[in-house]
Amino acid sequence: MKRIFQNPIFLILALAGFVSLGCQAATLLPAESGNGSDVDEDAVVAAAVATVSAQANVIDISAPAQSTEVVTADLENRFIEIYNRVNPAVVHIFVFDDDGLFLSTGSGFVVDLEGNIVTNNHVVTGGTEFEVVFASGDRSRADLSGADVDSDLAVISVDSLPANVQPVPLGDSSSLQVGQFVIAIGNPFGEAGSMSIGVISGLGRTIESQRVVAGGNFSIPQVIQTDAAINPGNSGGPLINLNGEVIGVNSAILSATGENSGVGFTIPVNAVRNIAPALIAEGEYVYPYLGISMWPQAFTIRQLEVLDLPPNGVYVTGVLENTPADAAGLVGNNLSVSFTNDGDYITAINDQPVRTSDDLLSYLVFETIVGETVELTVIRDGEEIKLPLTLGERP
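1. Some remarks on the packing of aromatic side chains
Argument step 1. One pass over the structure, following the stated rule, counts 8 aromatic pairs.
Argument step 2. Look at Phe299 and Phe339: their rings are 6.5 Å apart centre to centre, the planes differ by 80 degrees, and that puts the pair in the edge-to-face class. Highlighted residues: Phe299 in the loop between strand 14 (292-294) and helix 7 (301-307) and Phe339 in the loop between helix 8 (324-328) and strand 16 (345-349), separated in sequence by 40 residues.
Argument step 3. Look at Phe339 and you get partly exposed, because its relative accessible area is 29%.
Argument step 4. An aromatic cluster of three or more residues is present, and its members are Trp295, Phe299, Tyr315 and Phe339.
Argument step 5. Positioned over the ring face of Phe94 is Arg139, at 5.5 Å from the centre of the ring.
Argument step 6. A cation over a ring is seen here: Arg394 above Tyr287, with NZ or CZ 4.1 Å from the ring centre.

2. Structural notes on a nonpolar patch on the surface
Argument step 1. Judged by side-chain polarity, Phe181, Met195 and Ile197 come together as a nonpolar surface patch covering roughly 240 Å² of accessible area.
Argument step 2. With respect to the helices, strands and loops of the structure, Ile197 is situated in strand 8 (residues 194-213).

3. Observations concerning the nonpolar core
Argument step 1. Of all hydrophobic cores here, the largest spans 46 residues; its most connected members are Val118, Val132 and Leu153.
Argument step 2. When residues of this core are assigned to their parent elements, the largest contribution, 7 residues, is made by helix 6 (residues 269-282).
Argument step 3. With residues near it in sequence (within four places) discarded, Val118 still touches Gly108, Phe109, Val111, Leu153, Ala154, Val155, Gly236, Val249, Val272 and Ala276.
Argument step 4. Grouped together as the second largest cluster of nonpolar side chains are 18 residues, Val316, Ile349, Tyr363 and Leu387 included.

4. Regarding the pairing of strand 7 (residues 181-186)
Argument step 1. Burial within strand 7 is extensive, with 5 of its 6 residues counted as buried.
Argument step 2. Bridge count for strand 7 against strand 10 (residues 238-240) is 2 bridges, and the pairing is antiparallel. For Ala184, the partnering residue across the bridge sits in strand 10 and is Leu239.

5. Looking at the environment of Leu376
Argument step 1. Along the chain, Leu376 turns up in strand 18 (residues 373-380).
Argument step 2. Under the relative-accessibility criterion, Leu376 is labelled buried at 1%.
Argument step 3. Put simply, Leu376 and Leu387 are 11 residues apart on the chain and 5.1 Å apart in space, counted from C-alpha to C-alpha.

6. Observations concerning the pattern of salt bridges
Close approach of charged atoms allows side chains of opposite charge to pair.
Argument step 1. In total, this model carries 8 salt bridges according to the counting rule given.
Argument step 2. A salt bridge links Arg78 to Glu81, with the shortest nitrogen-to-oxygen separation between them at 2.9 Å. With Arg78 and Glu81 both in helix 4 (residues 63-86), this residue pair falls 3 residues apart, about one helical turn.
Argument step 3. Classification of Arg78 by relative accessible area gives partly exposed; the value is 30%.
Argument step 4. By relative accessible area, Glu81 is classed as partly exposed at 31%.
Argument step 5. With its nearest N and O atoms 2.7 Å apart, the salt bridge here joins Asp344 to Arg380.

7. Some remarks on helix 6
Argument step 1. Relative to the 20 Å expected for 14 residues at 1.5 Å per residue, helix 6 spans 20 Å between its end C-alpha atoms, a close match to the ideal helical length.
Argument step 2. Residue Ile275 marks the point of greatest curvature in helix 6, where the axis turns by about 35 degrees; the proline Pro277 follows within four residues.
Argument step 3. When helix 6 is considered as a whole, its buried residues turn out to be Val269, Asn270, Ala271, Val272, Ile275, Ala276, Ala278 and Leu279.
Argument step 4. Just beyond helix 6, the residue with positive phi is Gly283, at close to 85 degrees.

8. A look at the confidence of the model for the protein chain
Argument step 1. Confidence in the prediction for the protein chain averages 82 pLDDT; 77% of positions are at 70 or higher.
Argument step 2. Strand 3 (residues 116-119) holds the highest mean pLDDT among the elements of the protein chain, 98, whereas helix 2 (residues 25-28) holds the lowest, 37.
Argument step 3. Considering only residues more than four positions removed or in separate chains, one finds that residues 1-6, a stretch of pLDDT under 50, has 16 contacts.
Argument step 4. Counting contacts from residues 48-66, a segment whose pLDDT is below 50, to residues more than four positions away or on other chains yields 5 contacts.

9. Comments concerning the pairing of strand 16
Argument step 1. Most of strand 16 is tucked away: 5 of the 5 residues are buried.
Argument step 2. Pairing analysis gives 2 bridges linking strand 15 (residues 314-319) to strand 16, with the strands arranged antiparallel. Each residue of the ladder has a partner; that of Val314, found in strand 16, is Ile346.
Argument step 3. With 4 bridges joining them, strand 16 and strand 18 adopt antiparallel strand pairing. By the bridge assignment, Ala348 is partnered in strand 18 with Thr377.
Argument step 4. Here strand 16 pairs with strand 17 (residues 352-353) via 2 bridges, running antiparallel. For Ala348, the partnering residue across the bridge sits in strand 17 and is Pro353.
Argument step 5. Taking the residues between adjacent antiparallel strands as the criterion, strand 16 and strand 17 are bridged by 2 residues, where Asn350 takes a positive phi near 50 degrees.

Reading the values: the criteria
- Residues numbered from 1 in each chain as written.
- Predicted model: local features only at pLDDT ≥ 70, side-chain atom pairs only at ≥ 80, totals over all residues.
- Heavy atoms only, no water.
- Phe/Tyr/Trp six-rings, centres within 6.5 Å; stacked < 30°, edge-to-face > 60°.
- Helix = DSSP H or I, 4+ residues; strand = E, 2+ residues; numbered from the N terminus.
- Buried < 20%, exposed > 50% of the residue type's maximum accessible area, 1.4 Å probe, protein only.
- Lys NZ or Arg CZ within 6 Å of the ring centre and 35° of its normal.
- Patch = residues over 30% accessible without salt bridge, like charges linked within 9 Å, V, L, I, M, F, W, Y side chains within 5 Å.
- Areas by Shrake-Rupley, 256 points an atom, 1.4 Å probe, with all protein chains shown as cover.
- Salt bridge = Lys/Arg side-chain N within 4 Å of Asp/Glu carboxyl O.
- Core = buried A, V, L, I, M, F, W, Y, C linked by side-chain atoms within 4.5 Å.
- Contact = heavy atoms within 4.5 Å.
- Pairing = 2+ DSSP bridges.
- Expected span 1.5 Å × (residues − 1).
- Bend = angle between axes of the 7 residues up to and from the residue.
- pLDDT = per-residue confidence, 0-100.

So, in structure tokens, the structure goes:
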């Protein structure tokens, strides 16, 4: 090896090969020089390394780095603009009992010029008197228009709005994607008008309703998961996209301490679109209802083989008496008692594929109304059949 590096031609060829190895080249070259050589090997190596470094530096300081700075500045300005536009419509809610004793606090946001404010059901639960404080400092009494425990949504209203308050536009939660930037504005720990930034971490989550009825808990479908900081007091505030539109109502966090752990949950705005108008007009929202209980988790491959069922569908484990499912003739089988395919397996509703119970619930909540007749595609005893079912009212 030493003779090779005493010959300039071999040295140059070797350097060419080493340069092709990137930044590892300098570490592969020997540090020792040969005696009697006319070539200053240290100088050649230094020159080669300098050439590689210079090429690397050219890449590092090229146009993309400059454009990143522009993008960062534009994004920062966008956040500021959205906050200044939306925050005046975000309110701090104070909840009191009949005796005027303070119970809790939360957030909400104005959705129309009539003074209707959307918040969480759990923010107003137990309260009889409500006050809201706007970002301007204006304070007003509010009345409860309606609340829905299953969606954790409620609407309160004030008689008039401050002059600078404009309703926050509602977006579309059906077109969201994981990775989108989102902004949460609310009043965590009583710190009014706080803003946090994050991304959509997950879609299609479910959280259980606080109401229990025969057959088990109802679930809130299509819940948005975000890592934007959500803490006690943020409940009821808006989750906003970069168009300044509400895409959800911040509702809950997954935390052992009750404080932000990077996993927050937001009620999708499409639920607000369906439910809030009914809460304003009627004080309640009536959900479409089947009257079944379902296998709560996905089947393993082994279980599917035992049941001789395809991988995507909803297994009916029970049918309540005098319900739409009972009238339609759906059949249930309690798998915890008898693990056999004696129950119906729903694979579609109105020809829309159903992979999980969340899919079925989402379709019922967002796509149907009470009194509508839907068509269920069901596998029964190994055969596919179609069953018409007229939806009732959720009890």
